[in-house]
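Listed here are the chains, written in short residue letters.
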Amino acid sequence: MSVDFVVEFLSSTIRIAVPIILIALGVCYSEKAGVHAMGAEGYMLIGAFVSVVMTIATGSHFLGVVFGILAAALSSAVFSAFAVYLGANQVICGLGLNFIMLGLTSALQRLFWGTTGVPRIEAMNPIEIPVLSDIPLIGPMLFDQPILTYITYLLIPVAWWIMFKSTWGLQLRAVGENPSCADTLGINVARTRSISAIVCGVFCGMGGAVLALQQVQSFTENISNGRGWLGLIAATFGGWNPVGAAGAGLVFGASEVLQLRLQMLGNIQISSYVILMLPYLVALVFILLIGKGRRHPAAMGKYYRKQ
Amino acid sequence: MIKKERMVKKEKKSFLMVLLDFSPIIGAVLGLLIGSLFVMLWGVSPVTFFKELFKGAFGSTLAIGSTLNRATPLLIIGAGTAIAFRAGANNIGQEGQLFVGGIAAGAVALLMPSLPKGLSVPMILVVAMLFGMVFSGIAVLFRVLKGVNELLTTLLLNYVGTLLLSALVNGPMASSEIVSYPQTDTFGSQFLLKYWPNFGYLHSGIFIALAIILLTGYYLWLTPGGMRLRMTGLSPLAARTSGNNPTKIFVWSMLISGGLCAVAGAVEVIGCNDCLRQEFGSNLGFDGLAVALLGNTNPFGVLPAGVFFGALRTGMQAMQRSTGIPSVILDLIKGSIMVFIMGGAALKLYIESNAKKKVAKAGEKAHTEAVEASAGTGSPELQEASQGGEEK
């Protein structure tokens, strides 16, 4: 266990955890306002797909990320039209959205590139922050990452501040706990909820863009492969608090890196499929540990309509 | 008098409301339409799409046989999911439970190869049921002991079940021969379901599925237990006040639901395969969930819905072979159907509550007028209160 190994392990943990953290942040917003975020996986898929397509089409990573986020925001707006305004079952609609996105992205990918697969795109190079990256241990771990990772660092406290210190955050939490009470105070419940759902879409779309542009550097069928659900669990474990959710996302990232490292060692007696199970088992143990300590927002999943 | 009123009410029902009564069918039609418009990107017209789909699913005895074979596990999963949903339990772990059922079939066939012919298949079904109950029991334990919503746990268990199957067929249960795909040794012939080669290889699992549909339908609608279960789903509070234990019913419905999904997996393994393969029926679980919704979470509705999805899957695969349209479009159609069914159901409730609100408003207005008429000027407070109510 050399220092290099630890630094390398932790920096790849951060790299892999970033999409999960972003999704967890989004889920915090949606679920704190009382809307199940079952569609996280779907937003992530469409975000990843559109960002890759636009990056290839325009040659600019920036435009790719922007369009990926826009596409995910658009799909979350459609979801909130059904689930928030009309009052359709949020769980089933979210699941349905995941399937729509899976079918859409896989089919379009084959239409655009046939059987050859999506070409690899240029990686987003890590940027060393001048002074900070010289700090021993922490420097190379935290401050030698691609740009979107730095944005994620900033988004965590910003998300926390907006949720717990701003007026809109208070309204959002009120809507998730007791919508009829919030309504009597003059808060527009449906609008607050749908904005939170769209914020969730934005975060998940960005998560998808990070996954596709920074990690995989391409698009493959079902690229998210369960990360959306891990983000959902991370938000639950973090008690729907952005900071806690980010911490839980880091743990999932670490378990995924551990799984990759164990697979690379090769000569281990355990089946590689059991190792692949690791993040999910960690999630289950997490859930078991937190138990009743994490009460979900009282009105989560409940449709509210102005009387 | 009462009868007359009822008749008047029925006549007043608008066309839209009648249409919304059939929201599952509308959802299916809209989903198919979206799919047919989407394939225009491949230069295939919607008419050709429907023609090819129908031909692929029902065009020959072989096609009909594979449609029914494909529908068999969906019917069983649909019935099992219907029980959970009717009880208000959100079991979305069908995929994992299905694979656990497959593992059960493999375990029985490989560990007890000398079972006599009459016992072999029932043994597999019973063991699969038990395995499925234990697997969904994990989610039940989490919920009962720790209050964790079963949505998250069943979803995670899907991944665990899938990887467990992969680990087993690549490890302890792997075939002794060299095979191209991860699988177990071939089962003894007494473990396999009878099938008819001259009727599109249809296997007898369809009769197991029909029996399960009949049993679950009978249970849900014609027994006191089924009534209690449905009542709990509609209102846990009402169930509790009338002396039922919602927790008990939740546990029971989740276990039965998980058990039935596992049976579906076992039937798929011993019907369509002769050994346990890695990911032998991926997508079956969530297809089954969509089938339950399309069948209005009613086992008898699940029957046509299951055949519809079986036909869709078979037809899409045939179309992929003939026109090159990827069969993943089925996921798009499936998702749209789910969203539209839920949207239709919600729209119906929305319009109904609008109508109720109108009636309530009219009543309030009449009440205010009556109060004003009887009390003349009346007390200002009362008037203010009633006006306030009206504005709202």
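Just so you know, these numbers come straight off a predicted model, no measurement behind them.

Novice: Explain the overall build of chain A to me, please; I cannot follow it from the model alone.
Specialist: Broken down by element type, chain A carries 13 helices and two strands. Computed over its C-alpha atoms, the radius of gyration of chain A comes to 19 Å, within 12% of the 19 Å expected for a compact globule of 307 residues. In terms of overall dimensions, chain A has a C-alpha envelope of 60 × 45 × 45 Å along the principal axes. The proportion of buried residues among the 307 residues of chain A is 56%. For chain A, contacts bridging at least 24 residues in sequence account for 77% of all contacts bridging at least 6. Approximately 12400 Å² of chain A is accessible, and the part contributed by carbon and sulfur atoms is 68%. Computed over 16 positive and 12 negative side-chain charges, the inter-centroid distance for chain A is 16 Å.

Novice: Teacher, can you tell me more about the environment of Ile256(B) here?
Specialist: Residue and element names in this part refer to chain B. Within the secondary structure, Ile256 sits in helix α12 (residues 246–272). Residue Ile256 is classed as buried on the basis of its relative accessible area of 13%. Separated by 28 residues in the primary sequence, Ile256 and Leu284 have C-alpha atoms spaced 18 Å apart. Setting aside chain neighbours within four positions, we find Ile256 in contact with Ile83, Met129 and Met133.

Novice: Help me out: how do you make sense of unusual backbone geometry in this one?
Specialist: Leaving glycine out, the prevailing phi sign among residues is negative, and the prevailing peptide bond configuration is trans. Residues and elements named next belong to chain A. For Asn225, which is not glycine, the phi torsion reads 40° and is therefore positive. Tracing the backbone through its elements, the reader meets Asn225 in the loop between α9 (189–216) and α10 (227–237). Given the relative accessible area of 44%, Asn225 is considered partly exposed. Its identity is not glycine, yet Trp240 carries a phi of approximately 60°, on the positive side.

Novice: Please explain the interface of chain A and chain B as it appears in this structure.
Specialist: Where the parts come together, the accessible area they lose is often given as the size of the interface. Taken together, the contact between chain A and chain B spans 50 residues of the former and 48 residues of the latter. Across the chain A/chain B interface, buried area totals approximately 4200 Å², and carbon plus sulfur atoms make up 80% of it. On the chain A side of the contact with chain B, Phe99(A), Tyr273(A) and Arg305(A) bury the most area, a combined 16% of that side's loss. Taken together, the links from chain A to chain B amount to zero salt bridges. At the surface where chain A touches chain B, the tally comes to five residue pairs in polar contact (both at pLDDT 80 or more).

Novice: It is not clear to me how the side chain of Thr72(B) should be interpreted in this structure. Could you clarify?
Specialist: All names here are of chain B. Tracing the sequence through the fold places Thr72 in helix α5 (residues 61–86). Within the structure, Thr72 has its side chain in polar contact with the backbone oxygen of Leu68 (distance 2.8 Å). In this view, Thr72 contacts His203, Gly205, Ile206, Ala209 and Val267; residues no more than four positions away in its chain are not counted.

Novice: It is not clear to me how the packing of helix α3 (residues 61–86) of chain A against helix α15 (residues 329–375) of chain B should be interpreted in this structure. Could you clarify?
Specialist: Helix-helix packing: each pair is described by the crossing angle between the helix axes and the interaxial distance. One way to put it is that α3(A) packs onto α15(B) with a least axis distance of 10 Å and a crossing angle of 30°. What the angle tells us is that α3(A) and α15(B) run roughly parallel. In the crossing of α3(A) with α15(B), the sense of the turn from one axis to the other is left-handed. Residue-level contacts link Phe82(A), Tyr85(A) and Leu86(A) of α3(A) to Val339(B), Phe340(B), Gly343(B), Ala346(B), Leu347(B) and Tyr350(B) of α15(B). In the contact of α3(A) with α15(B), the residues fall into eight nonpolar, one polar and no charged.

Novice: Where do I start with the nonpolar core in this structure?
Specialist: It is characteristic of soluble globular proteins that their nonpolar side chains tend to be buried jointly. Grouped together as the largest cluster of nonpolar side chains are 179 residues, with contacts concentrated most on Phe219(A), Phe252(A), Ile76(B), Leu276(B), Phe309(B), Ile329(B) and Met338(B). Contact partners of Met338(B), with chain neighbours within four places excluded, come to Ile92(A), Leu95(A), Gly96(A), Phe99(A), Leu289(B), Ala290(B) and Leu293(B). One finds Val175(A), Ala182(A), Val189(A) and Tyr304(A) within the second-largest nonpolar core, a separate group that totals five residues.

Novice: Any chance you could explain the domain arrangement of chain B here in plain terms?
Specialist: Domain parsing of chain B yields domain 1 (50–320) and domain 2 (349–391). Distance from the C-alpha centre of domain 1 of chain B to the C-alpha centre of domain 2 of chain B: 54 Å.

Novice: Would you mind showing me how to read empty space enclosed by the protein here?
Specialist: One simple way to see leftover space: roll a probe sized like a water molecule over the atoms. Overall, the coordinates contain one cavity of 30 Å³ or more when judged by the stated rule. Size it by volume and the largest cavity reaches roughly 40 Å³. Of the residues in the lining of the largest cavity, the class split is five nonpolar, one polar and two charged.

Novice: What's the story with a nonpolar patch on the surface in this structure? I'm lost.
Specialist: Residue and element names in this part refer to chain B. Taken together, the side chains of Phe15, Leu16, Val18, Leu19, Phe22, Ile25, Ile26, Val29, Leu30, Leu33 and Phe50 make up a nonpolar region of the molecular surface, amounting to roughly 950 Å² of accessible area. Going through the elements one at a time, α2 (15–21) and α3 (23–38) are the ones with two or more residues in the nonpolar patch. Counting residues per element, the nonpolar patch draws most heavily on α3, which supplies five residues. For Leu30, a relative accessible area of 32% gives the class partly exposed.

Novice: Would you mind going over the layout of surface pockets with me for this structure?
Specialist: Put simply, the largest pocket is a space of about 2200 Å³. Around the largest pocket, the lining is made up of 49 residues, and of these Asn89(A), Phe85(B), Gly88(B), Asn90(B) and Gly233(B) lie nearest the centre. If you tally residues by element for the lining of the largest pocket, the top one is α15(B), at seven residues. Its residues placed into classes, the lining of the largest pocket shows 24 nonpolar, 16 polar and nine charged.

Novice: Got a minute to help me understand the packing of aromatic side chains in this structure?
Specialist: Both the distance between ring centres and the angle between the ring planes are used here to describe each pair of aromatic rings. As enumerated under the stated definition, the model contains 20 aromatic pairs over all chains in all. With a centroid separation of 6.3 Å and 20° between ring planes, the pair formed by Phe49(A) and Phe112(A) is classed as stacked. With Phe49(A) in helix α2 (residues 40–58) and Phe112(A) in helix α4 (residues 90–113), this pair connects stretches of sequence that are 63 residues apart. A centroid spacing of 5.7 Å and a plane angle of 85° characterise the contact between Phe308(B) and Phe309(B), whose relative ring orientation is edge-to-face. Note on Phe309(B): relative accessible area 0%, which makes it buried. Aromatic rings pair up to connect Phe49(A), Phe112(A), Trp113(A) and Phe219(A) into one cluster.

Novice: Sorry if this is basic, but what is going on with α3(A) here?
Specialist: A turn of α-helix holds 3.6 residues, and therefore any two residues three or four places apart point the same way. Residues and elements named next belong to chain A. If you check α3, its first and last C-alpha atoms are 37 Å apart, about what 26 residues at 1.5 Å a residue would give, namely 38 Å. Along α3, the sharpest kink reaches roughly 35°, centred on Ser80. Near the N-terminus of α3, the side chain that reaches the backbone nitrogen of Phe62, with its oxygen 3.2 Å away, is that of Ser60.

Novice: Please clarify how the packing of helix α9 (residues 205–222) of chain B against helix α14 (residues 299–323) of chain B should be interpreted in this entry.
Specialist: All names here are of chain B. Between α9 and α14, whose axes approach to 8 Å, the crossing angle comes to 150°. If you check the angle between α9 and α14, you find them roughly antiparallel. Contacts from Leu210, Ile213, Leu214, Thr216, Gly217, Tyr218, Leu220 and Trp221 of α9 reach α14 at Pro299, Phe300, Val302 and Leu303. Residues belonging to the contact of α9 with α14 are distributed by class as follows: 10 nonpolar, two polar and no charged.

About the thresholds
- Every chain begins its residue count from 1, and numbering advances along the sequence as written.
- Labels follow written order: the first chain is A, the first ligand is 1, and so on.
- Owing to the predicted nature of the model, reporting of local features is limited to residues with pLDDT of at least 70; listing and counting of side-chain atom pairs is limited to 80 or more, with chain, interface and lining totals taken over all residues.
- To get the side-chain values, all heavy atoms of the structure are used, and hydrogens and water are removed first.
- Note on conventions: DSSP H or I runs of at least 4 residues are helices, E runs of at least 2 residues are strands, and numbering of each starts at the N terminus.
- Radius of gyration here is computed from C-alpha atoms only, and the compact-globule reference equals 2.2 Å multiplied by the residue count raised to the power 0.38.
- Throughout, exposure labels follow a simple rule: accessible area from a 1.4 Å probe, protein chains only, divided by the maximum for the residue type, with under 20% read as buried, over 50% as exposed, and the rest as partly exposed.
- Here, residues are in contact when the closest pair of their heavy atoms is within 4.5 Å.
- Computed by Shrake-Rupley with a 1.4 Å probe, the accessible areas treat only the displayed protein chains as cover when residues are assessed.
- Under the convention used here, Asp and Glu are negative, Lys and Arg are positive, and both His and the chain ends fall outside the count.
- Lysine's charge is taken at NZ, arginine's at CZ, aspartate's at CG and glutamate's at CD.
- Here the quantity called buried area is the total loss of accessible area, with a 1.4 Å probe, experienced by two parts when brought into contact, counted for both.
- Note on definitions: salt bridges are taken to be side-chain nitrogens of Lys or Arg within 4 Å of carboxyl oxygens of Asp or Glu.
- Any pair of nitrogen or oxygen atoms within 3.5 Å is treated as a polar contact; in protein, a donor-acceptor pairing is required on top of that, and neighbouring residues in sequence qualify only through side-chain atoms on both sides.
- Every axis in this analysis is a line fitted to C-alpha atoms, fitted for helices over the stretch in contact. Angles between the N-to-C directions lie between 0 and 180 degrees.
- We call two directions roughly parallel when the angle between them is under 35 degrees, roughly antiparallel when it is over 145, roughly perpendicular when it lies between 65 and 115, and oblique otherwise.
- Each crossing is labelled by how the near helix is turned from the far one, with a counterclockwise turn of less than a right angle marking it left-handed and a clockwise turn marking it right-handed.
- Classes in brief: Ala, Val, Leu, Ile, Met, Phe, Trp, Tyr, Cys and Pro nonpolar; Asp, Glu, Lys and Arg charged; the others, Gly included, polar.
- The set of buried Ala, Val, Leu, Ile, Met, Phe, Trp, Tyr and Cys residues whose side-chain atoms join them within 4.5 Å is what this entry labels a nonpolar core.
- Domain segmentation is taken from an automatic or database assignment of domains.
- Both site types are read off a 1 Å grid over the protein atoms alone. A 1.4 Å probe that fits but cannot get out defines a cavity, while an open set with protein on both sides within 12 Å along at least five of seven lines defines a pocket; lining residues have an atom within 4 Å of a point.
- Grid points are joined across faces, edges and corners, and a volume is the space filled by probe spheres set on the points.
- Patch criteria: residues need more than 30% relative accessible area and no salt bridge. Like-charged residues are merged within 9 Å; nonpolar side chains of Val, Leu, Ile, Met, Phe, Trp and Tyr are merged within 5 Å.
- Aromatic contacts are taken between Phe, Tyr and Trp rings whose centres are within 6.5 Å, Trp giving its six-membered ring; a plane angle under 30 degrees counts as stacked, one over 60 as edge-to-face, and the others as tilted.
- Expected span, for any helix, means 1.5 Å times one less than how many residues it has.
- Bend, in this description, refers to the angle at a residue between axes fitted to the seven residues ending there and the seven starting there.

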